[in-house]
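Per-entry structural report
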Amino acid sequence: MTHAVKFHPGLMLLEQYVEGSLSADVALAVSAHIDLCPHCQQLSKDITNDQAAVLAEQDVSGRDAEQEWQQMLNFITSQPTISSSASTHTDTAPQVASVSVNGRTFEIPRALARLAEKQNKWLHLGGIATAKLPTADKQHVSLLYIDKGTEVPNHTHLGLEMTLVLAGKIVDENGEYGVGDLLINSPDDTHTPRTLADEDCLCLSVLSAPLKFNKGLTRLLNPLQQFFY
Ligand SMILES: [Zn+2]
């Protein structure tokens, strides 16, 4: 991967990922980012080691023993999540997973391989296509393809929006994002993502609530909202 990843999950998010306290779908986006980002691979290893050291120092016989026991259990049960991102090749997920859309085939991170096998049909709207990845969680996970020179209408977020660039490049009012970059937008953020004139883009999108589109007639907004969510 020649692109230097610039946008990472915050330290708190990584810590929660290592602890196993994130919802499965948010963890999926973080895990796929880690697959693409050597910096966060190292950081999550360091966090794992730090948390193990803290747990080793704790006196389990104290009055908080039960709580600490629970913490340790949580820690132990969170381990497979971490090792699975580092060694997915040992399980049944294909080593190289890819998705095809608009006559193009893209390689995707191993963290997404098994989910991508259950991918729904692509839905197309202008130069944009989405395909849901069915998960058990309440969040909505989908692949988002944006053809070159295409703009996603300006929108605000009603919940958390996580967008991980899997291929190509996307730009919005706040910057330019390449492979591995993770954009996190919260309810008050408004932006207009678009692709460059000469390059299309594939992203993983995790939404905790629908997008709210700011332009156009009200009657046109609802179908658009449904399309993305
Ligand atoms: Zn990173």
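The structure displayed is predicted, hence computed values, not measured ones.

**Regarding the pattern of salt bridges**
Applying the stated criterion across every chain, the model contains two salt bridges. Here R104 ties to D200 by a salt bridge, and the two come within 2.8 Å at their closest N and O atoms. One end of the pair, R104, is in strand 2 (residues 104-108); the other, D200, is in the loop between strand 11 (190-191) and strand 12 (201-207), and 96 residues separate them in sequence.

**Describing the nonpolar core**
Of all hydrophobic cores here, the largest spans 42 residues; its most connected members are V30, I108, W122, M162, L166, L202 and L204. Counting residues per element, this core draws most heavily on helix 2 (residues 24-36), which supplies eight residues. Looking at this core, you find at least three residues from each of domain 1 (11-90) and domain 2 (97-228). Residues contacting L204, with those up to four places away along its chain left out, are A29, L112, L133, V141, S142, M162, T163, L164 and L166.

**Considerations on the coordination of the zinc ion**
For the zinc ion, the protein coordination sphere consists of H8 (ND1), H33 (NE2), C37 (SG) and C40 (SG), at 2.0 to 2.4 Å. Note that the zinc ion binds four donor atoms; their angles at the metal cover 98 to 119 degrees, and the shape is tetrahedral. All donors of the zinc ion belong to a single chain; written as a sequence motif, their spacing is H-x24-H-x3-C-x2-C.

**Description of a negative patch on the surface**
On the surface, a cluster of negative charge is contributed by E15, E19, D46 and D50. Of all elements in the fold, only helix 1 (11-19) and helix 3 (38-57) reach the threshold of two or more residues within the negative patch. Secondary-structure assignment places D50 in helix 3.

**Describing the sheet that holds strand 6 (residues 155-157)**
Reading across the sheet, the three strands line up as 11-6-13 and stay open at both edges, with antiparallel pairing between neighbours. Every interior strand has two partners, whereas the edge strands, strand 11 and strand 13 (211-213), have only one.

**Some points on the sheet that holds strand 5 (residues 140-146)**
Within a sheet, adjacent strands bond to each other through the backbone by hydrogen bonds, running parallel or antiparallel. Taken together, six strands build an open sheet; the order of strands is 3-4-5-12-7-10 and the sheet is antiparallel. At either end of the open sheet lies a strand with only one pairing partner, and these are strand 3 (123-125) and strand 10 (182-185). The average angle at which neighbouring strand axes cross in this sheet is 25 degrees, direction not considered. Here strand 3 runs beside strand 4 (residues 128-132); their pairing, made up of three bridges, is antiparallel. Note on strand 4: the bridge partner recorded for L125 is I128. Against the sheet, helix 2 makes contact with strand 5, strand 7 (161-168), strand 10 and strand 12, and its axis sits at roughly 30 degrees relative to strand 7, the strand it touches most.

**Concerning empty space enclosed by the protein**
Scanning the entire structure with this criterion turns up one cavity of 30 Å³ or more. Considered as a void within the structure, the largest cavity measures approximately 130 Å³ in volume. Lining the largest cavity are 15 residues, with L144, E161, T163, S205 and L211 positioned closest to its centre. Elements that contribute at least two residues to the lining of the largest cavity include exactly strand 5, strand 7 and strand 12. Split by residue class, the lining of the largest cavity holds eight nonpolar, six polar and one charged.

**Quick look at the pairing of strand 5**
Here is the key point about a regular strand: its side chains alternate between the two faces of the sheet. Counting buried residues in strand 5 gives six out of seven residues, a clear majority hidden from the surface. Note that strand 4 and strand 5 share five bridges and pair antiparallel. When the sheet's bridge partners are listed, A129 is paired in strand 5 with Y145.

**Here's the deal with the packing of aromatic side chains**
Tallied over the full model, the rule gives two aromatic pairs. Seen in terms of ring centroids, F7 and Y177 are 4.7 Å apart; in terms of plane orientation they differ by 55 degrees. Their pairing is tilted. Of this pair, F7 sits in the segment before helix 1 while Y177 sits in strand 9 (residues 175-177); the two residues are 170 residues apart in sequence, bridging distant segments of the chain. Classification of Y177 as buried rests on a relative accessible area of 4%. The interplanar angle of 45 degrees and the centroid separation of 6.0 Å between the aromatic rings of F106 and Y145 together place this pair among those described as tilted. Of the two residues, F106 sits in strand 2 while Y145 sits in strand 5, which places them 39 residues apart along the sequence. You can call Y145 buried: its relative accessible area is 2%.

About the thresholds
- Residues numbered from 1 in each chain as written.
- Predicted model: local features only at pLDDT ≥ 70, side-chain atom pairs only at ≥ 80, totals over all residues.
- Heavy atoms only, no water.
- Salt bridge = Lys/Arg side-chain N within 4 Å of Asp/Glu carboxyl O.
- Helix = DSSP H or I, 4+ residues; strand = E, 2+ residues; numbered from the N terminus.
- Core = buried A, V, L, I, M, F, W, Y, C linked by side-chain atoms within 4.5 Å.
- Buried < 20%, exposed > 50% of the residue type's maximum accessible area, 1.4 Å probe, protein only.
- Domains from an automatic or database assignment.
- Contact = heavy atoms within 4.5 Å.
- Donors = N, O, S within 2.8 Å, 3.2 Å for Na, K, Ca; no water.
- Tetrahedral: all angles 85-135°; square planar, octahedral: opposite > 155°, others 65-115°.
- Patch = residues over 30% accessible without salt bridge, like charges linked within 9 Å, V, L, I, M, F, W, Y side chains within 5 Å.
- Areas by Shrake-Rupley, 256 points an atom, 1.4 Å probe, with all protein chains shown as cover.
- Lys, Arg positive; Asp, Glu negative; His and termini not counted.
- Charge placed at Lys NZ, Arg CZ, Asp CG, Glu CD.
- Pairing = 2+ DSSP bridges.
- Axes fitted to C-alpha atoms, helices over the stretch in contact; angles between N-to-C directions.
- 1 Å grid on protein atoms, 1.4 Å probe; cavity = no way out; pocket = protein on both sides within 12 Å on 5 of 7 lines; lining within 4 Å.
- Points joined across faces, edges and corners; volume = space filled by probe spheres on them.
- Nonpolar A, V, L, I, M, F, W, Y, C, P; charged D, E, K, R; others polar.
- Phe/Tyr/Trp six-rings, centres within 6.5 Å; stacked < 30°, edge-to-face > 60°.

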